[in-house]
Amino acid sequence: MPDSKAAVFLARHVPGEPLLQLNAFDVGSARILESLGFEAIATSSAGYAATLGLVDGSLGRDETLEHCRTIAASVDIPVAGDTENGFADDPADVAEFVLAAAATGLAGCSIEDWSGDATYDIGFATERIAAAAEAAHTGEQQLVLTGRADGGYHGTDDLDAVIRRLRAYGEAGADVLFAPGFGAVDDVRRIVGETGKPLNVLVNALIQDVHPSIDELAAAGAARISVGGSLAFVAYGALIDAARELKERGTSGYSEQLVAARDAIRPALR
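Bear in mind the structure is a predicted one, so any value in this text is a computation, not a measurement.

A. The arrangement of the overall build of the protein in detail. Scanning the protein from N- to C-terminus turns up 11 helices and nine strands. Taken over the C-alpha trace, the protein has a radius of gyration of 19 Å; the compact-globule value for 270 residues is 18 Å, and the two agree within 12%. For the protein, the spread of C-alpha atoms along the three principal axes comes to 60 × 40 × 35 Å. Within the protein, buried positions represent 50% of all 270 residues. In the protein, the proportion of contacts linking residues at least 24 apart, taken out of those at least 6 apart, comes to 70%. Per element, the accessible surface of the protein, about 12,400 Å² overall, is 53% carbon and sulfur. In the protein, 20 positive and 40 negative side-chain charges are present, and the distance between their average locations comes to 5 Å.

Listed below in structure tokens is the structure:
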């Protein structure tokens, strides 16, 4: 991968010293994270959908690409796109989507192995990753490709099957691997040991009922840590708490946080 934002992004994936890549949900949150010193961020399909009053999975190809373009242009650090399953089934169409994603200014993108109704057959899923990898690595603007095994996100507890998929995706050209739903320390250690590729680990209580620390995940060999839609939901949670306080108690205790929040946000505003 030639010297580029994608190359810089990939170089920051160091097993045992994970890149903390938080997920922004709009331009404001992207710039705030950049101002706080994060070296890369990602988009969040769930977080962005929430800003539009929609559930995750409601956004289409063009809306997602435009959102990625907007976020990538809003910051100077690398941005990885939460690009779902590439909004296509056929490998050639997935490759075409990856080329379109690269043109938005992203440094990376991910391809899920979930069709929207079921997990793709492992052979077909691997063909899709191979096509995506070729597009990500040979286009005019290159991308770091994350291959996702989404069985854990959709209820499977078969880690053996997930590892077989991740190994196949890595051999097909994925630069980084990701198995949302398998974030326990022992799972992370095993995936890293049996795939030999940089692993992204999701820290999100909505997806998995385990809460390892960053240090624990680093010791297990994680190369990147993300949070999905967590930050968006935390932000909306603060809004709900403040609104309920005004409505139900008639007080504005939340105001005590305003000055600190304003001062923290101010460096991110342009």
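Next comes the rest of the description.
B. Inspection of the side chain of Ser110 at higher detail. Its place among the elements puts Ser110 in strand 5 (residues 108-111). With relative accessibility at 8%, the residue Ser110 sits in the buried group.

C. How the structure looks around the layout of surface pockets. Approximately 740 Å³ is the volume attributed to the largest pocket. If you trace the largest pocket, you find 23 residues lining it, with Val234, Ala235, Ala238, Ala261 and Ile265 closest to the centre. The set of elements that each furnish at least two residues to the lining of the largest pocket consists of helix 2 (27-35), helix 10 (230-249) and helix 11 (258-265). Considering each element in turn, the lining of the largest pocket owes the most residues, nine residues, to helix 10. Taken together, the residues that form the lining of the largest pocket break down as 17 nonpolar, three polar and three charged. Approximately 640 Å³ is the volume found for the second largest pocket. Contributing to the lining of the second largest pocket are 41 residues, with Ser45, Asp56, Asp82, Glu112 and Arg148 lying nearest its centre.

D. Quick look at the packing of aromatic side chains. By the definition in use, this model includes two aromatic pairs. Seen from their ring centres, Phe87 and Phe97 are 5.5 Å apart, and the 55° between their planes marks the pair as tilted. Note that Phe87 is positioned in the loop between strand 4 (79-81) and helix 5 (91-102) and Phe97 in helix 5, a separation of 10 residues in sequence. For Phe87, a relative accessible area of 24% translates into the label partly exposed.

E. Up close: the pattern of salt bridges. On inspection of all chains with the given rule, the structure shows 13 salt bridges. Residue Glu34 is joined to Arg270 by a salt bridge in which the shortest nitrogen-to-oxygen separation is 2.9 Å. A residue pair is termed long-range when its members are at least 10 positions apart, and Glu34 in helix 2 and Arg270 in the segment after helix 11 qualify at 236 residues. We note a salt bridge from Glu194 to Arg167, for which the minimum N-O separation is 3.7 Å. In this pair, Glu194 sits in helix 8 (residues 185-195) while Arg167 sits in helix 7 (residues 159-171), placing the two residues 27 residues apart along the sequence. Residue class for Glu194 comes out partly exposed when judged on its relative accessible area of 32%. Residues joined in a network through salt bridges with shared partners are Asp160, Arg167, Arg190 and Glu194.

F. Examining a nonpolar patch on the surface more closely. On the surface, a cluster of nonpolar side chains totalling about 260 Å² of accessible area is made up of Tyr236, Leu239 and Ile240. In this fold, Leu239 is placed in helix 10.

G. Here's a closer look at helix 10. Spanning 20 residues, helix 10 covers 27 Å between terminal C-alpha atoms, matching the ideal 28 Å at 1.5 Å per step. Buried residues of helix 10: Ser230, Ala232, Ala242 and Glu245, and no others. Residue Gly250 follows helix 10 closely and has a positive phi angle near 70°.

H. Spatial organisation of the nonpolar core. One finds Ile41, Val98, Leu143, Leu145, Tyr169, Val188 and Ile191 to be the most contacted residues of the largest nonpolar core, which totals 55 residues. Those elements that place two or more of their residues in this core are helix 2, helix 4 (61-74), helix 5, strand 5, helix 6 (122-138), helix 7, helix 8 and strand 8 (199-202). Those residues in contact with Tyr169, other than ones at most four positions away along the chain, are Asp113, Ala125, Thr126, Ile129, Gly147, Arg148, Ala149, Ala174 and Leu177. Among the nonpolar cores identified, the runner-up in size contains nine residues, and Phe9, Leu19, Ala40 and Val176 belong to it.

Definitions and limits used
Residues numbered from 1 in each chain as written. Predicted model: local features only at pLDDT ≥ 70, side-chain atom pairs only at ≥ 80, totals over all residues. Heavy atoms only, no water. Helix = DSSP H or I, 4+ residues; strand = E, 2+ residues; numbered from the N terminus. Rg over C-alpha atoms; globule rule 2.2 N^0.38 Å. Buried < 20%, exposed > 50% of the residue type's maximum accessible area, 1.4 Å probe, protein only. Contact = heavy atoms within 4.5 Å. Areas by Shrake-Rupley, 256 points an atom, 1.4 Å probe, with all protein chains shown as cover. Lys, Arg positive; Asp, Glu negative; His and termini not counted. Charge placed at Lys NZ, Arg CZ, Asp CG, Glu CD. 1 Å grid on protein atoms, 1.4 Å probe; cavity = no way out; pocket = protein on both sides within 12 Å on 5 of 7 lines; lining within 4 Å. Points joined across faces, edges and corners; volume = space filled by probe spheres on them. Nonpolar A, V, L, I, M, F, W, Y, C, P; charged D, E, K, R; others polar. Phe/Tyr/Trp six-rings, centres within 6.5 Å; stacked < 30°, edge-to-face > 60°. Salt bridge = Lys/Arg side-chain N within 4 Å of Asp/Glu carboxyl O. Patch = residues over 30% accessible without salt bridge, like charges linked within 9 Å, V, L, I, M, F, W, Y side chains within 5 Å. Expected span 1.5 Å × (residues − 1). Core = buried A, V, L, I, M, F, W, Y, C linked by side-chain atoms within 4.5 Å.

No statement about biological role is implied by the geometric values presented.
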